[in-house]
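Residues per chain, in single letters:
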Amino acid sequence: MEGFLTGEVLACFGAAIAAGLAGIGSAVGVGIAGQAGAGVVSEDPNKFSKVLVLQALPGTQGIYGLLIAFIIMVKIGLLGGDGVVELTVAQGWSIFASAIPMGIVGLISAISQGKAAASSIMLVGKKPNELSKGMLFAAMVETYAVLALLISFLMINSIQL
């Protein structure tokens, strides 16, 4: 088992955690908002563009997770460069740990943002001129995803290879 948990494998697991968990959260969040959006659009198809903007918001966490995964893969030489860098187990664990904030916060914040977006979609359904307020409610959750992106990025860039 020790030969399996090399630094390179641990770093790849970190990339998978960041992209996978944040992606799952975005899929669930966009789905939650989409369910609310379908209800509003079934009543008034002219509100589709406003609803679509709100439904798309929870998708950003998946993008952030993917960005962290790309940064990890570039750092270890999996994408571009001269091949995979040989990592110590400690370096691998460090990279793995640096991906955890984006993965976990991305998962939870995307689902929470989907719920906030769904409520905002219902607001737009009743009061179409209140789109900006609805976007603000949903965007407040985004703050924590951006903070997780920042901390994961800073952690990864501080690791010396």
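Conventions we followed
- Residues numbered from 1 in each chain as written.
- Predicted model: local features only at pLDDT ≥ 70, side-chain atom pairs only at ≥ 80, totals over all residues.
- Heavy atoms only, no water.
- Helix = DSSP H or I, 4+ residues; strand = E, 2+ residues; numbered from the N terminus.
- Buried < 20%, exposed > 50% of the residue type's maximum accessible area, 1.4 Å probe, protein only.
- Contact = heavy atoms within 4.5 Å.
- Areas by Shrake-Rupley, 256 points an atom, 1.4 Å probe, with all protein chains shown as cover.
- Lys, Arg positive; Asp, Glu negative; His and termini not counted.
- Charge placed at Lys NZ, Arg CZ, Asp CG, Glu CD.
- Axes fitted to C-alpha atoms, helices over the stretch in contact; angles between N-to-C directions.
- Parallel < 35°, antiparallel > 145°, perpendicular 65-115°, else oblique.
- Core = buried A, V, L, I, M, F, W, Y, C linked by side-chain atoms within 4.5 Å.
- Salt bridge = Lys/Arg side-chain N within 4 Å of Asp/Glu carboxyl O.
- Patch = residues over 30% accessible without salt bridge, like charges linked within 9 Å, V, L, I, M, F, W, Y side chains within 5 Å.
- Phe/Tyr/Trp six-rings, centres within 6.5 Å; stacked < 30°, edge-to-face > 60°.

**Student:** Quick rundown of the overall build of the protein chain? Include the residues and the values.
**Tutor:** Along its length, the protein chain carries 5 helices and 0 strands. Going from the N terminus to the C terminus, the protein chain shows its helices and strands as α-α-α-α-α. The 161 residues of the protein chain split such that 40% are buried. For the protein chain, the proportion of contacts with a sequence separation of at least 24, taken over those separated by at least 6, is 83%. Carbon and sulfur atoms form 71% of the exposed surface of the protein chain, whose accessible area is close to 8,300 Å². The averaged location of the 8 negative side-chain charges in the protein chain is 23 Å from the averaged location of its 7 positive side-chain charges.

**Student:** Can you explain the packing of helix α4 (residues 89-126) against helix α5 (residues 131-158)? Please cite residues and give values.
**Tutor:** Helix packing geometry: the angle between the two helix axes and the distance between the axes. The contact between α4 and α5 brings their axes to 8 Å, and the two run at 175°. On the basis of their axis angle, the class for α4 and α5 is roughly antiparallel.

**Student:** Explain the side chain of S120 to me, and be specific about the residues and the numbers.
**Tutor:** With respect to the element layout, S120 can be found in helix α4. For S120, a relative accessible area of 2% corresponds to the buried category. Excluding residues that lie within four positions of it along the chain, S120 makes contacts with L54, G134, F137 and A138.

**Student:** Which residues make up the nonpolar core, and what are the values?
**Tutor:** One broad rule of soluble globular proteins: the nonpolar side chains tend to lie buried together. Of all hydrophobic cores here, the largest spans 19 residues; its most connected members are A11, I68, I72, I95 and M102. When residues of this core are traced back to their parent elements, those giving at least two are α1 (7-43), α3 (60-75), α4 and α5. Beyond its immediate stretch of four places on either side in the chain, I95 contacts A11, I72, I76, L87, I159 and L161. In terms of nonpolar packing, the next biggest core, distinct from the first, is built from 15 residues, A33, V51, L57 and V141 among them.

**Student:** I'd love a proper account of the pattern of salt bridges, names of residues and values included.
**Tutor:** Side chains that differ in charge, positive against negative, can pair when their charged atoms come close. Tallied over the entire structure, the rule returns 2 salt bridges. For K47, the salt bridge goes to D44, with nearest N and O atoms at 3.7 Å.

**Student:** Can you lay out the environment of L5 for me, pointing to particular residues and giving the numbers?
**Tutor:** In this structure, L5 sits in the segment before α1. Judged by relative accessible area, which is 29%, L5 ranks as partly exposed. With 131 residues separating them in the primary sequence, L5 and L136 have C-alpha atoms 44 Å apart.

**Student:** Pulling in residues and values, what's your account of the environment of M135?
**Tutor:** Secondary-structure assignment places M135 in helix α5. Relative accessible area serves as the criterion here: at 29%, M135 is assigned to the partly exposed category. In this structure M135 touches V53, L54 and L57, once residues within four positions along its chain are discounted.

**Student:** Could you give an account of a nonpolar patch on the surface, naming the residues involved and the relevant values?
**Tutor:** Residues L66, F70, V74, L78, L79 and V84 make up a contiguous nonpolar surface patch of about 500 Å² in total accessible area. Within the element layout of this structure, L79 appears in the loop between α3 and α4.

**Student:** Please provide a residue-by-residue account of the packing of α3 against α5, values included.
**Tutor:** Contact geometry of α3 with α5 gives a least axis separation of 10 Å together with a crossing angle of 5°. When the interaxial angle is binned, α3 and α5 end up roughly parallel. Of the residues in α5, those touching α3 at T60, Q61, Y64, L67, I68, I71, I72 and K75 are E142, A145, V146, L149, S152, F153, I156 and N157.

**Student:** Could you give me a rundown of the packing of aromatic side chains, with the residues and numbers involved?
**Tutor:** Following the criterion strictly, the structure yields 2 aromatic pairs and no others. Aromatic pair W93 and F96: ring centres 5.5 Å apart, planes at 85°, arrangement edge-to-face. Of this pair, W93 and F96 are both found in helix α4, 3 residues apart, which corresponds to roughly one turn of the helix.

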